[in-house]
Amino acid sequence: FTKDCCLRGQHPREGVQGTANPNFKLVGYHACAAIVPSFGPDSKMQGVQFAPLLAAENKQPQQVQVSNAHTVDIIIAGATRFSRGNRSATNLEPVTMAEQRCRRAIEDALKKGYRAVKDAHVAEHSEKFARTGLRVQSTHPNATSAACAATLTTPERVERYGRLCMQPSLTAGTKNVTVAVKDVGLQALFFDLGKYLLLGSSRTGSQPANLVGIWAEGRESPWNGDYHMNINLQMMYWSNEVLQLSETAEPLTPFVRELARSGASTAGCMYGKPGWVSHGFTDIWMKTRVLGDPQWAMCVTCGAWVALHLYEGIRFRNDLGALRKDVLPLLAGSVEFFLSYLTPHGPDDSLMTGPTHSPENSYLYQGKAYHLTMSPAIDTAILYELFSSYVDGCVLSGCMGMGNGDGG
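Anyway, here's the lowdown on the structure attached to this text.

Parameters and conventions
Residues numbered from 1 in each chain as written. Predicted model: local features only at pLDDT ≥ 70, side-chain atom pairs only at ≥ 80, totals over all residues. Heavy atoms only, no water. Helix = DSSP H or I, 4+ residues; strand = E, 2+ residues; numbered from the N terminus. Buried < 20%, exposed > 50% of the residue type's maximum accessible area, 1.4 Å probe, protein only. Contact = heavy atoms within 4.5 Å. Areas by Shrake-Rupley, 256 points an atom, 1.4 Å probe, with all protein chains shown as cover. Core = buried A, V, L, I, M, F, W, Y, C linked by side-chain atoms within 4.5 Å. Bend = angle between axes of the 7 residues up to and from the residue. Axes fitted to C-alpha atoms, helices over the stretch in contact; angles between N-to-C directions. Parallel < 35°, antiparallel > 145°, perpendicular 65-115°, else oblique. Left-handed = near helix turned anticlockwise from the far one by under 90°. Phe/Tyr/Trp six-rings, centres within 6.5 Å; stacked < 30°, edge-to-face > 60°. Disulfide = S-S within 2.5 Å.

Details of the overall build of the chain
Part 1 of the reasoning: Within the chain, the regular secondary structure consists of 10 helices and 14 strands.
Part 2 of the reasoning: Within the chain, buried positions represent 37% of all 408 residues.
Part 3 of the reasoning: Partitioning the contacts of the chain with sequence separation of at least 6, the portion at a separation of at least 24 is 63%.
Part 4 of the reasoning: When the accessible surface of the chain is split by element, carbon and sulfur atoms take 55% of a total near 23300 Å².

Here is the structure:
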């Protein structure tokens, strides 16, 4: 038999959890766990019996107890009412759709069976994971991980990394040698962990990996599970192309497309400019205004910085169709904004951004720390890359002749 334990609830889309403000929109979620015991190596399940075990509000949840089972498989599925294709908080999917998706996922898994589901997962994951590998060799053969320890857990290896330990001398009659632990295998393990987390948190049809990936304990993710575009979101994908994991960046294209759509309103309302702009932070609702204290969020080039990663993918894959359809229009909107936004300053009328800031940076002036400034170095670097990439993309796509300055 199969018992089905379900959890329903809703969570505020913004603000403090449990707020009484009626203007806060709630995102419903649904999660199910199918419990499948086997009472012997030859036993078989004779069908699926869904028996929802739903706790009434403010009451303890019911429990399922399995005794004398040979094995117990627990299959978990979860879904929210959020729709990737419709980010409007007033047009979320009906509550029943999240439950239906959970049940379909569990029923599909039950039909296939645990072994088939696991084998398919391992095969699919392994194919991508095995595209690249890292082998690190120590330049200090007498200070390897094997010199000071046998079998250790990963936390133990991390804790001892770099510490001094006594290595037995290889020469009779000489003293032991003190060496620092150089666990090069741990470095390779971290490389593999990074690949594994990216593969597990950013796939076709999903949201991009946020500040902490998708893995968070409880309902409250650190930093609200949002997107920090002042470097963190970019860092998530810096290695995806060189690791031959281009599909992990697929969620970025619709993400930036929606960001640009929302950012067009911010460009017009906040700056009175055409094109689109986004600042330091956003979330799945695509807020593009300055969110929070300006010392953290007033980064006017952060949206353009994220969009540039789409062109980085073109450099690797030479996908002219994606360049023309998706990437160039997004870069063009950002270019349009900054061409209008930049203003001349100084004796030579240099074009400058600002007021803005260099993310998580400050400077001293007359003994006081300040954050906002005009044209920090990061803006100069990003805008140079933005304009250069747009021109290069136009030439590559054929919409601009090489060196003649004409084009669409």
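On we go from here.
Some points on the nonpolar core
Part 1 of the reasoning: Formed by 45 residues in total, the largest nonpolar core has its most connected members in Leu233, Val256, Leu331, Phe337, Phe338 and Leu386.
Part 2 of the reasoning: Among the elements of the structure, helix H5 (232–237), helix H6 (252–271), helix H8 (302–317), helix H9 (320–341) and helix H10 (377–397) are those that each provide at least two residues to this core.
Part 3 of the reasoning: Each residue touching Phe338, except ones within four places of it in the same chain, is listed here: Val300, Thr301, Ala304, Leu383, Leu386 and Phe387.
Part 4 of the reasoning: In terms of nonpolar packing, the next biggest core, distinct from the first, is built from 11 residues, Cys32, Ala34, Ala79 and Leu110 among them.

Here's the deal with H6
Part 1 of the reasoning: Helix geometry: H6 is bent most strongly at Ser262, by close to 30°.
Part 2 of the reasoning: Buried within H6 we find Leu252, Thr253, Pro254, Phe255, Val256, Glu258, Leu259, Ala260, Gly263, Thr266, Ala267 and Tyr271.
Part 3 of the reasoning: Looking at the buried positions of H6, the neighbouring elements they touch are strand E7 (227–228), H5, strand E8 (281–282), H8 and H9.
Part 4 of the reasoning: The first or second residue beyond H6 is Gly272, which carries a positive phi of 70°.

Digging into the packing of H8 against H9
Part 1 of the reasoning: At a minimum axis distance of 10 Å, the contact between H8 and H9 shows a crossing angle of 150°. By the angle between their axes, H8 is roughly antiparallel relative to H9. The way H8 lies across H9 gives a crossing that is left-handed. Taking contact as the criterion, the partners of Ala304, Ala307, Leu308, Leu310, Tyr311 and Ile314 in H8 are, on H9, Ala322, Leu323, Val327, Leu330, Leu331, Ser334 and Phe338.

Observations regarding the packing of aromatic side chains
Part 1 of the reasoning: The final tally for this structure, using the stated rule, is eight aromatic pairs.
Part 2 of the reasoning: When the ring of Phe338 is compared with that of Tyr341, the centres are 5.9 Å apart and the planes differ by 85°; the resulting orientation is edge-to-face. In this pair, Phe338 and Tyr341 both sit in helix H9, three residues apart, roughly one turn of the helix.
Part 3 of the reasoning: By relative accessible area, Tyr341 is classed as buried at 6%.
Part 4 of the reasoning: An aromatic cluster is present here, built from Tyr271, Phe337, Phe338 and Tyr341 joined pairwise through their rings.

Considering the state of the cysteines
A covalent bond between the sulfur atoms of two cysteines is referred to as a disulfide.
Part 1 of the reasoning: Taken as a whole and assessed by the stated rule, the structure comprises one disulfide.
Part 2 of the reasoning: Between Cys299 and Cys302 runs a disulfide, and the two sulfur atoms are separated by 2.3 Å. The S-S bond linking Cys299 to Cys302 shows a torsion near 100°; that makes this disulfide right-handed. Each member of the pair, Cys299 as well as Cys302, is classed as buried.
Part 3 of the reasoning: No disulfide involves Cys102; its sulfur sits 4.9 Å from the nearest other cysteine sulfur, which is in Cys32.

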